[in-house]
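# Commentary on secondary and tertiary structure
Each chain, letter by letter, is given below.
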Amino acid sequence: MAKDYKNPLEARVTKPEPIAATAQPQSEIPDWLPKEALEADYSNDILDANQELEMPEYMFEWKGVGFFPIGSINSITGHKKNGKTMFETLLMVACLKAGEPIGPLRYALAESRPEPKVLFIDTEQEQAYSLMVQRRVHHLMGWDYKENVERFKILWLHDELDAKVRYNKMCKMIWDYRPDFIVLDGSRDMVRDINDADESTTFVRNTMNIATKIKGVLAQALHYNPGTEKMRGWLGTELGNRVAYIIELAKEIKGEIVTFLAHFTDCRGKDVQDVKFYVDDNNVKFGIPRLLELDEVMKTLSDQADAKSKEELKSMFAFMGARTYTYWTIAKKIREANHFGEDKAAKAITDSVKFDILADCGDNKFKLKLTNDAEQASMSLDESNDDPF
């Protein structure tokens, strides 16, 4: 029976009642119910509607949109040599600067955690390259290159050959140091076999537990499989299922202009705009990552290169007229007309979608976007969906 309460506008506070077990004869227990499940206690696992709703706290913001919630694991991926470590450097510096944003990139916890600590775990690079990461961070922070700073540490595990020993050293360092932001570059070296389902699942769940218990954020770098856009092995599959955010890094070469794009492919919260940056080699020999939109000269050059690339792509795809083509037909035509390999033809199609030159119609079919009446009139009005080739 419902209890009376004085204020009709005040919600009652009740706790979820355990579900009463219905007595069942042993012969009626279904075959899908394991015997050991009969003793399982789930009473503390029923979600309590009276529990206070705490909205996620994000460690970072890009253009006012939060990403990397506290207690989460996240993935930074892409093909090798596409700027992952440079992007990680930007994030680490943004965190260490606390209340001082890097343009639109901001550490969002400056009030509650004014002096965050950052741990970079490197399993991939030789020691000289790990030292370059340290130098870049120190340079951007204005610290002496050879000063050991308490708020920023690098755990270098490249020469440790045993995955289990690496993992144990990482866990002990995290426990002793208690960092707010952890970058693991790369998680592949923390397991013996990236295609072992049990080992990969256990590792990913353990890192989730670490991030939750220390109330921090853990970003894991894992390469794509060669020739694909999927993270490596069963480990990559499991990470893709569990992380809060996936950020894909890509290099863009436009004539003499080389830039990098960090694209948020999977977001648990609001969608986050792409981050563009370049590497400044003019001042120091180890290169410094810089946000593109904070450098007007580089941004102008990049925009000009984009405009030129767009015009070249529009010309390249003009053969499509008003027809709809399959991906494979387009790729074949592009390869034959421009003497491209498969990868270059695929990139041309991807870039054309990004530049709004091609419309993705689904089912691996694409159509040229006609931007005005003049373009429409200049092209064939045959809108058949059948490939003419």
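Residues numbered from 1 in each chain as written. Predicted model: local features only at pLDDT ≥ 70, side-chain atom pairs only at ≥ 80, totals over all residues. Heavy atoms only, no water.

This structure, assessed with the given rule, holds eleven salt bridges. R106 is the partner of E61 in a salt bridge, and the nearest nitrogen-oxygen pair spans 3.0 Å. With E61 in strand β1 (residues 58-62) and R106 in strand β4 (residues 105-107), the pair connects residues that are 45 residues apart, well separated along the chain. Two residues, E100 and K97, come together in a salt bridge whose shortest N-O distance is 3.7 Å. For E100, a relative accessible area of 47% gives the class partly exposed. (Salt bridge = Lys/Arg side-chain N within 4 Å of Asp/Glu carboxyl O. Helix = DSSP H or I, 4+ residues; strand = E, 2+ residues; numbered from the N terminus. Buried < 20%, exposed > 50% of the residue type's maximum accessible area, 1.4 Å probe, protein only.)

If you trace the three strands from one edge of the open sheet to the other, you get β2-β1-β4, paired in antiparallel fashion. Only two strands of the sheet have a single partner each, and these edge strands are β2 (65-69) and β4. If you compare each strand with its neighbour and ignore which way they point, the axes differ by 25° on average. Sheet analysis places β1 next to β4, joined by three bridges and oriented antiparallel. Looking at the pairing, E61 lines up with R106 of β4. (Pairing = 2+ DSSP bridges. Axes fitted to C-alpha atoms, helices over the stretch in contact; angles between N-to-C directions.)

Let us now look at the packing of aromatic side chains. Describing an aromatic ring pair means giving the distance of the ring centres and the angle of the ring planes. All told, the structure shown has 15 aromatic pairs when counted by the stated rule. Where F60 meets F68, the ring centres are 6.1 Å apart and the plane angle is 75°; that geometry is what we call edge-to-face. Grouping residues by exposure puts F60 and F68 together as buried. Ring plane angle 65° and centroid distance 6.2 Å describe the contact between F68 and Y245, whose orientation is recorded as edge-to-face. With F68 in strand β2 and Y245 in strand β9 (residues 245-254), this residue pair connects regions lying 177 residues apart in the sequence. Of the residues examined, Y245 reaches a relative accessible area of 0% and is grouped as buried. Members of the aromatic cluster, connected to one another through ring pairs, are F60, F67, F68, F181, Y245 and F264. (Phe/Tyr/Trp six-rings, centres within 6.5 Å; stacked < 30°, edge-to-face > 60°.)

Bridge count between β9 and strand β10 (residues 257-267): ten bridges; the pairing is antiparallel. Note that in β10 the partner of K254 across the bridge is I257.

This next bit is on the nonpolar core. Among the nonpolar cores identified, the biggest contains 47 residues, and F67, F68 and F181 are the most heavily contacted of them. When residues of this core are assigned to their parent elements, the largest contribution, nine residues, is made by helix α1 (residues 84-97). Those residues in contact with F68 that sit more than four places away from it in its chain are E57, Y58, M59, F60, N74, L91, F181, V217, A219, Y245 and I247. (Core = buried A, V, L, I, M, F, W, Y, C linked by side-chain atoms within 4.5 Å. Contact = heavy atoms within 4.5 Å.)

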